[in-house]
Amino acid sequence: MASGSILQNRMETNKESTNLRELAYVRRRPVEGHGTRSIPSKIVTSKAHYRQNSASASTQDNKSLDFIYYDDESEDEDAVAATENSYDISCNFVDCMMNRQRGDHRKFQTMKLSSEYGTRHMLSNSMLKEHEIKIGNMNKVFCSQWLSHKQVIFGTKCNKLVVMDVSTKKIDHIPSLQSSETSVPPDLERGINSIEINPSRTLLSTGASNSNDVAVYRLPTLDPICVGQFGHKDWIFDQTWIDDQFLVSGSRDGSISLWRVTDQIIEEVTEADIPVHQYMSPLLTKKCKQADKVRALCYNGCAQEIAVISLNSFIHCWNAVTMKQIMSKKLPHTLENCCLTTDEEYQLYAVGSKSHADLLDSRTLQSVRKISSRSSGCGIRSVSFKGNILTLGTGTGLLLFWDLRACKFLESTMNSNRAVQLKAGRGWVERNDSFMDAYQPNKYTPAIYTHCYDGNYVGLYQ
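Given the structure is predicted, the values throughout are model-derived calculations rather than measurements. (Residues numbered from 1 in each chain as written. Predicted model: local features only at pLDDT ≥ 70, side-chain atom pairs only at ≥ 80, totals over all residues. Heavy atoms only, no water.)

S.K.: How should the overall build of the protein be read in this particular structure?
M.R.: On a plain count of helices and strands, the protein comes out with seven helices and 31 strands. Counting every position in the protein, which comprises 462 residues, the buried fraction comes to 44%. Accessible area for the protein stands at about 25100 Å²; split by element, carbon and sulfur atoms hold 50% of it. (Helix = DSSP H or I, 4+ residues; strand = E, 2+ residues; numbered from the N terminus. Buried < 20%, exposed > 50% of the residue type's maximum accessible area, 1.4 Å probe, protein only. Areas by Shrake-Rupley, 256 points an atom, 1.4 Å probe, with all protein chains shown as cover.)

Next up, the structure:
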């Protein structure tokens, strides 16, 4: 009996875990009588597909049959199979709303409503509005992260770190952390290319005053903690946290470095009488084999590996525990592979290139799907997963939304058979001599280099 109950609990856990990707579900607990039964959408879809295929096959193969007899045993088998694949969970959004109105969702009938439901509704019904905010004399915005539901932080090409309150539109400038006198800067400065927050949201890493050094701040106060130097000789393009202390950076010089922000470093800074940040050196720096220039990287916690893409069109996998390179593989598209993200639950990597976004199986690095940017010369400049939606930021100021379930672009309910897409405004660009020389003012369109979600949506672009 004990082993049977354990097995039953495991089966229930597995069944419920399959619904974590559903937009909504409620565990139905009746006051009297037997529990209601529900079948997940995957099983319903597969059964409908099977019946459709079997019906067409039987029609083609048995056109001469005019009469078919079904006995009672086959009907009983179908009922048993349906019962085995069902469970006391409803994935109906209306049930969630009724459950919340009755107040049963607190203890009696637990429920989960994914934030993606609201995102899909707002996108499909064109409910998002753009608000342009002039942020002063700045160049391109390369990276952004949400600090809270009201504050967003972003870094610019001119090496400025800016915090904006989306409610009050107030903007604060955070001073860049200065590297030591012994640090050797690159020949040409690049600015801030990445902003990353550790899993516990207590530390934020970004670029220092020298583009080849790492700067770490404490959250939520943004007090300076330390500067990591002597890891790279050229610009740092991207960073990723492995856990709350270990950080990996990738550089234009083709190397990756492992850093550790220890509790001792944080205590020395916080207990000091005079505000001053510390300096740290990398635990190790390794050349990424077959990599010309490291352009982007991300950490896959499910596989405990670090994925790296380089400008010579390779994706590389590193063991995050041993920091040894496992493999390298040529990417499906060869031009301008510049952004990378991962979805651990679907075990996918998304890579943005000049004309496509490629979905790769994180276990084998095989191409799963190639998503076109829908217009020639429209490069993918930023990618991110939000539940079952892959958001693509393009070089022509468009935001596109790929539905991972339906394997197509998210469709609008306002315009039938038309994909949802958001067009960024022209924004504000200083009309100086360099702008007039580099661009045609009447044809200028901003590129979306970064975007991020947090209940609200923000797209930050050039």
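S.K.: In this structure, what is going on with the pairing of strand β23 (residues 356–361)? I would like to understand it.
M.R.: The side chains of a regular strand alternate between both faces of the sheet. Within β23, five of the six residues are buried, which leaves the element mostly enclosed by the surrounding structure. Judged from the five bridges that link them, strand β22 (residues 348–352) and β23 form a sheet pairing that is antiparallel. Bridge pairing in β23 links Tyr349 to Leu360. Relative to strand β24 (residues 367–372), β23 runs antiparallel, the two sharing five bridges. Within β24, the position partnered with Leu360 by the bridge is Ser367. As consecutive antiparallel partners, β23 and β24 are separated by five residues, and within that stretch Leu365 has a phi angle of approximately 65°, a positive value. (Pairing = 2+ DSSP bridges.)

S.K.: What's the story with the sheet that holds strand β9 (residues 203–207) in this structure? I'm lost.
M.R.: Within a sheet, adjacent strands bond to each other through the backbone by hydrogen bonds, running parallel or antiparallel. Spatially, the five strands line up as an open sheet ordered β8-β9-β10-β11-β15, and their pairing is mixed. Looking at the sheet topology across the chains shown, the edges are occupied by β8 (196–197) and β15 (278–280). Sheet topology note: the strand β10 (residues 214–218)/strand β11 (residues 223–228) ladder contains five bridges and is antiparallel. In the strand pairing of β11, Val214 is matched with Gly228.

S.K.: Just checking my understanding: could you explain the packing of aromatic side chains for this structure?
M.R.: Describing an aromatic ring pair means giving the distance of the ring centres and the angle of the ring planes. Within the structure shown, the criterion is met by three aromatic pairs. With a centroid separation of 6.1 Å and 85° between ring planes, the pair formed by Trp235 and Phe237 is classed as edge-to-face. A relative accessible area of 11% means that Trp235 is categorised as buried. For the pair Trp402 and Phe409, a centre-to-centre distance of 5.1 Å together with 90° between the ring planes defines the contact as edge-to-face. Look at Phe409 and you get buried, because its relative accessible area is 11%. Arg252 extends its terminal NZ or CZ atom over the ring of Trp235, reaching a point 4.4 Å from the ring centre. Between Arg295 and the ring centre of Phe237, over which it is positioned, the NZ or CZ distance is 4.4 Å. (Phe/Tyr/Trp six-rings, centres within 6.5 Å; stacked < 30°, edge-to-face > 60°. Lys NZ or Arg CZ within 6 Å of the ring centre and 35° of its normal.)

S.K.: Is there a simple way to explain the sheet that holds strand β6 (residues 161–165) in this structure?
M.R.: Read across the sheet, four strands follow the order β4-β5-β6-β7 without closing on themselves; strand pairing throughout is antiparallel. The outermost strands of the open sheet, each flanked by one partner alone, are β4 (141–146) and β7 (171–174). When the angles between neighbouring strand axes are averaged without regard to direction, this sheet yields 25°. Across five bridges, the pairing between strand β5 (residues 151–156) and β6 is antiparallel. Opposite Phe154, over in β6, you have Val162 as the bridge partner. (Axes fitted to C-alpha atoms, helices over the stretch in contact; angles between N-to-C directions.)

S.K.: Is there a simple way to think about a negative patch on the surface in this case?
M.R.: A grouping of Asp263, Glu267, Glu268 and Glu271 is seen on the molecular surface, where their side chains present a negatively charged patch. For Glu271, the location among the structural elements is in the loop between α6 (263–270) and β15. (Patch = residues over 30% accessible without salt bridge, like charges linked within 9 Å, V, L, I, M, F, W, Y side chains within 5 Å. Salt bridge = Lys/Arg side-chain N within 4 Å of Asp/Glu carboxyl O. Lys, Arg positive; Asp, Glu negative; His and termini not counted. Charge placed at Lys NZ, Arg CZ, Asp CG, Glu CD.)

S.K.: For this particular structure, what's the right way to read the environment of Arg295?
M.R.: The residue Arg295 is located in strand β17 (residues 294–300) in this model. In this structure the C-alpha to C-alpha distance between Arg295 and Val308, which are 13 residues apart in sequence, comes to 7.6 Å.

S.K.: How should I be thinking about the side chain of Ser313 in this particular structure?
M.R.: Along the chain, the position of Ser313 falls in the loop between β18 (305–310) and β19 (314–319). Given a relative accessible area of 2%, Ser313 falls into the buried group. Among the polar contacts listed, one links the side chain of Ser313 to the backbone oxygen of Thr334, at a separation of 2.5 Å. What Ser313 contacts, discounting residues up to four positions off in sequence, is Lys329, Lys330, Leu331, His333, Thr334, Leu335 and Asn337. (Polar contact = N/O pair within 3.5 Å; in protein donor to acceptor, adjacent residues only side chain to side chain. Contact = heavy atoms within 4.5 Å.)

S.K.: What should I look at first to understand α6 in this one?
M.R.: Given 3.6 residues per helical turn, the α-helix brings residues three or four places apart onto the same face. Buried within α6 we find Ile265, Ile266 and Val269. Angular distribution of buried residues about the axis of α6 spans 95°; they occupy a single face of the element. (Arc of directions from axis to C-beta.)

S.K.: I keep staring at the confidence of the model for the protein and nothing clicks. Help me out?
M.R.: Low pLDDT means the predicted atomic positions in that stretch should not be read closely. The share of residues in the protein with pLDDT of 70 or more is 73%, and the mean pLDDT across the chain is 78. Low confidence marks residues 1–8, where pLDDT is under 50. Its contacts with residues over four positions away, or in another chain, come to zero contacts. In this model residues 79–85 is a low-confidence stretch, pLDDT under 50, and it forms six contacts with partners more than four residues away in sequence or in other chains. (pLDDT = per-residue confidence, 0-100.)

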